[in-house]
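Residue-level listing of the chains:
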There are 2 protein chains.
Amino acid sequence: MNPDFSTQVRQDLDRLVPLLEARLLKALHDGEAPRVGEAMRYSLEAGGKRVRPVLCLLAAEALGSPPEIALACATALEYIHTYSLIHDDLPAMDDDALRRGKPTCHVAFGEGQAILAGDGLLTEAFTVLLGDETLPADRRLLAARILAEAAGWHGMVGGQSLDLAGEERTRSGQAYALEHLQLIHRLKTGALLRAALELGGVAAGASQEQRARLREAGAALGLAFQIQDDILDATSTAEQMGKRVGKDEGQGKITYPLLLGLDGARTALQEATARAIEHLQSLPHPCSLMAWARFLAERKA
Amino acid sequence: MNPDFSTQVRQDLDRLVPLLEARLLKALHDGEAPRVGEAMRYSLEAGGKRVRPVLCLLAAEALGSPPEIALACATALEYIHTYSLIHDDLPAMDDDALRRGKPTCHVAFGEGQAILAGDGLLTEAFTVLLGDETLPADRRLLAARILAEAAGWHGMVGGQSLDLAGEERTRSGQAYALEHLQLIHRLKTGALLRAALELGGVAAGASQEQRARLREAGAALGLAFQIQDDILDATSTAEQMGKRVGKDEGQGKITYPLLLGLDGARTALQEATARAIEHLQSLPHPCSLMAWARFLAERKA
């Protein structure tokens, strides 16, 4: 990793992840339904890079606010992301037994409890966000609307549905266009990453113009993130990734390397990253977010 | 059915269901992910009694407001209820192929799309409720918080998890207490019915006292509803119910008739209904809700 931004990213992680992780599990104790609570915590504790919530906290900082103002938004984002992983891993979806080096939720708790753990985290995202009394009510309402829109069938859920339907079509031999692939990723990965930056902005009281910049930067980052995911799936080892790799090709999934070749995919990745940085530059304190944009494009897992 | 309240219930249904159904499907067209949209509409159009949304609209009327004020709340409740049916019917949960006389969502669309249709409806509930500009922002925020709490792992999801875990325990021979059965139902069915009445009140600007009355009445109605469900499962034919019956016993599920006998279950049903009516009586215009309480206790399907 290039030292000029790796230091920044490492410092941000050291500062922000402990703050976030304390909050992530706080709401998930002492329920009357211990089994599903345990499954929810299990998947949250599996770790991962915490990209979405950290970007959310950094977006608040980029507008000059302390990260704490966006902590409920960041928590809600990570609940939504974690629920989507639990459901995506199910046998009826991607059928993965390993996630971040640990057995997936349905392997550890059974399919029924895993479905419910996902449902529980999705719902709890709104409980946490709407109930954060430290955030002015109008910002809470706006943030929750943006989150619901990004996570729902016009966003992440829709993208996952298209992806699943696409696998069915590819298996039966139908051709796929780059445009359709981009639509899937804009919805499946892009919507929530875009929301991550915008929610940080909303929590910090962003202007319309600032929110638009954060949305555009988030959209470009989301695209870059997905392209790099495809590249890593095609080129990494399972050990590096902590999950099964090469599965896209095995499942007949259409990916950027498959459509554009590895070099073409790497060019598209650089273009998207440059676009993200361009939008971020106009914010009051953009350094951390810009370092993250570079980091995400060069990550190895 | 006793004519004194059956006429009232029929009139309410004739007035309110068309209003509700027009709204239910309005938000679910023109998405970029047609397959999951179709699955969401399919399950919503399967009909059912619309008990939760109608109770919500009647609660607003009981406080002297027009039902339209609570239409977004009612829609959100029906989305949540429908999502829970889709997920409950999955092979990993209750494994039902028939619901309201039609193939269940996963039979019609495949398991993956059915899981996503549930996720989509759950999320869309918040989009619809938080985005309803006709409702003052503070009522929207409060209603969405109550809904998230009732639907999540401290409510409906938690109840379903306990129920599922309970089946596992029963199969392995462990005894079950009435107290535990009541906890399951309070969460699984009760929480959302309680929220249905409270949300109608919140939309209509209820006082703290009125909200408490609606909550208590909703809790009692929820219990009555569940007891009658168990009684019907034990005594009806599949034709009357539009779904498989006698399945509780087949699956080793603990029910009220099993624990209390049929007569004991009927007595518990009457007590819960009387408690609901007692709380409703103090509201300004309680007639419709009281008729519904009697109707739900005597329903045949």
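Below you will find a few notes about this structure. (Residues numbered from 1 in each chain as written. Chains lettered and ligands numbered in written order. Predicted model: local features only at pLDDT ≥ 70, side-chain atom pairs only at ≥ 80, totals over all residues.)

Before going further, it helps to spend a moment on the overall build of chain A. In terms of regular secondary structure, chain A is built from 14 helices and 2 strands. Scaling as 2.2 N^0.38, a compact globule of 301 residues should have a C-alpha radius of gyration of about 19 Å, and chain A matches this with 18 Å. With the C-alpha coordinates aligned to their principal axes, the bounding extent of chain A is approximately 50 × 50 × 35 Å. A total of 301 residues make up chain A; the buried ones form 54% of that total. (Helix = DSSP H or I, 4+ residues; strand = E, 2+ residues; numbered from the N terminus. Rg over C-alpha atoms; globule rule 2.2 N^0.38 Å. Buried ≥ 20, exposed ≤ 12 C-beta atoms within 10 Å, placed from the backbone.)

The next subject is the environment of Ala117 of chain A. Residues and elements named next belong to chain A. Among the secondary structure elements, Ala117 is positioned in helix 6 (residues 111–130). When the C-alpha atoms of Ala117 and Asp12 are compared, they prove to be 29 Å apart, with 105 residues separating the residues in sequence. Ignoring any residue separated from it by four or fewer positions in sequence, one finds Ala117 in contact with Val36, Ala39, Met40, Ser43, Ile86, Cys105 and Phe109. (Contact = placed C-beta atoms within 7 Å.)

The operation relating chain A to chain B is a screw motion whose rotation component is 180 degrees, with 0.0 Å of axial translation and a residual RMSD of 0.0 Å. Overall, the copies show the geometry of a two-fold rotation axis. It is Leu141 of chain A whose C-alpha, among those of chain A, lies nearest the rotation axis, at 3.1 Å. Same-surface contact between copies: 100% of interface residues of chain A are shared with the interface of chain B. (Least-squares fit on C-alpha atoms with pLDDT ≥ 70 in both.)

What follows is about the environment of Gly200 of chain B. Residue and element names in this part refer to chain B. Within the element layout of this structure, Gly200 appears in helix 9 (residues 178–203). A count of 32 C-beta atoms within 10 Å places Gly200 in the buried class. Along the backbone, Gly200 and Leu63 are 137 residues apart, and their C-alpha atoms lie at a distance of 8.9 Å.

Note that Gly190 of chain B resides in helix 9. When the C-alpha positions of Gly190 of chain B and Val36 of chain B are compared, they lie 29 Å apart, and in sequence the two are 154 residues distant.

This brings us to the packing of helix 3 (residues 51–62) of chain A against helix 14 (residues 287–298) of chain A. Residue and element names in this part refer to chain A. The N-to-C vectors of helix 3 and helix 14 enclose an angle of 145 degrees; their axes lie 8 Å apart at closest approach. Taking contact as the criterion, the partners of Leu55, Leu58, Ala59, Glu61 and Ala62 in helix 3 are, on helix 14, Ser288, Leu289 and Trp292. Looking at side-chain class alone, the contact of helix 3 with helix 14 contains 6 nonpolar, 1 polar and 1 charged residues. (Axes fitted to C-alpha atoms, helices over the stretch in contact; angles between N-to-C directions. Nonpolar A, V, L, I, M, F, W, Y, C, P; charged D, E, K, R; others polar.)

Let's shift gears to the packing of helix 2 (residues 34–45) of chain B against helix 6 (residues 111–130) of chain B. All names here are of chain B. Here helix 2 crosses helix 6 at 75 degrees, and the two axes come no closer than 9 Å. If you check the angle between helix 2 and helix 6, you find them roughly perpendicular. Taking contact as the criterion, the partners of Arg35, Val36, Ala39, Met40 and Ser43 in helix 2 are, on helix 6, Gln113, Ala114, Leu116, Ala117, Gly120 and Leu121. (Parallel < 35°, antiparallel > 145°, perpendicular 65-115°, else oblique.)

Moving on to the interface of chain A and chain B. The interface of chain A with chain B comprises 46 residues on the first partner and 46 residues on the second. Of all elements in the fold, only helix 2 (34–45), helix 6, helix 7 (137–151), helix 8 (156–171) and helix 9 (178–203) of chain A reach the threshold of two or more residues within the side of chain A that touches chain B. For the side of chain A that touches chain B, the element with the most residues is helix 6 of chain A, which contributes 13 residues. For the side of chain A that touches chain B, the per-class residue count stands at 23 nonpolar, 14 polar and 9 charged.

What follows covers unusual backbone geometry. Non-glycine residue Asp30 of chain A carries a positive phi angle of around 60 degrees. Within the secondary structure, Asp30 of chain A sits in the loop between helix 1 (3–26) and helix 2. Residue Asp30 of chain A is classed as exposed on the basis of its 8 C-beta neighbours within 10 Å. Located in the positive-phi region is Asp95 of chain B, a residue other than glycine, with phi close to 55 degrees.

In this section: helix 2 of chain B. Residues and elements named next belong to chain B. The end-to-end C-alpha separation of helix 2 is 16 Å, in line with the 16 Å expected for 12 residues at 1.5 Å each. Of all the residues in helix 2, the buried ones are Arg35, Val36, Gly37, Ala39, Met40, Ser43 and Leu44. Looking at the residues trailing helix 2, positive phi occurs at Gly47, about 90 degrees. (Expected span 1.5 Å × (residues − 1).)

We now examine the nonpolar core. Of all hydrophobic cores here, the largest spans 202 residues; its most connected members are Leu147 and Leu199 of chain A together with Leu147 and Leu199 of chain B. Apart from the residues within four sequence positions on either side, Leu147 of chain B is in contact with Ala76, Ile80, Ala125, Leu129, Ala195 and Leu199 of chain B. (Core = buried A, V, L, I, M, F, W, Y, C linked by C-beta atoms within 7 Å.)

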